[in-house]
Amino acid sequence: MALFMLQLADGADAVIEADAAGCTATGEIVLERTDHNGRVERVRAYPAHAVMAVFRRGPVEGGDCTWLPQPSDGVWWCY
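What you see is a predicted model, and the numbers here were worked out from it, not measured in a lab. (Residues numbered from 1 in each chain as written. Predicted model: local features only at pLDDT ≥ 70, side-chain atom pairs only at ≥ 80, totals over all residues. Heavy atoms only, no water.)

Student: What am I meant to see in the pattern of salt bridges here?
Tutor: Any two side chains of opposite charge can pair, on the condition that their charged atoms come close. One pass over the structure, following the stated rule, counts 3 salt bridges. Between R42 and E32 there is a salt bridge; the shortest N-O distance is 3.6 Å. With R42 in strand β5 (residues 40-46) and E32 in strand β4 (residues 29-34), this residue pair connects regions lying 10 residues apart in the sequence. Here R42 falls in the partly exposed class, since its relative accessible area comes to 46%. Given a relative accessible area of 16%, E32 falls into the buried group. As a salt-bridge pair, D35 and R39 come within 3.1 Å of each other at their nearest N and O atoms. In this structure R39 comes out as exposed when scored by relative accessible area, which is 52%. (Salt bridge = Lys/Arg side-chain N within 4 Å of Asp/Glu carboxyl O. Helix = DSSP H or I, 4+ residues; strand = E, 2+ residues; numbered from the N terminus. Buried < 20%, exposed > 50% of the residue type's maximum accessible area, 1.4 Å probe, protein only.)

In structure tokens, the structure reads:
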């Protein structure tokens, strides 16, 4: 599991635990989990216009953890 933070267009932040986050070809931001049988289920989905930025909590040089920005455009997946 990973921790993702989404900065939403309405000014709020959403922190969600998921196995993966991604941006689809249509710009939709999706968060997914995989169950114990290997089936992927969508936890949340946000339309492109609703999300300003996506971050994943992770380590940086020196061992500290911080919010790592994900790409702001294009199709991508982060695990």
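Student: I keep staring at the sheet that holds strand β3 (residues 20-23) and nothing clicks. Help me out?
Tutor: Backbone hydrogen bonds are what pair the strands of a sheet, in a parallel or an antiparallel way. The 4 strands are arranged β5-β4-β3-β8 in an open sheet whose pairing can be described as antiparallel. Of all the strands in the sheet, the pair left with one neighbour each is β5 and β8 (76-78). Here the average twist between neighbouring strands, direction ignored, is 20 degrees. In this structure, β3 lies alongside β4, joined through 4 bridges in antiparallel fashion. Directly across from C23, in β4, lies its bridge partner I29. (Pairing = 2+ DSSP bridges. Axes fitted to C-alpha atoms, helices over the stretch in contact; angles between N-to-C directions.)

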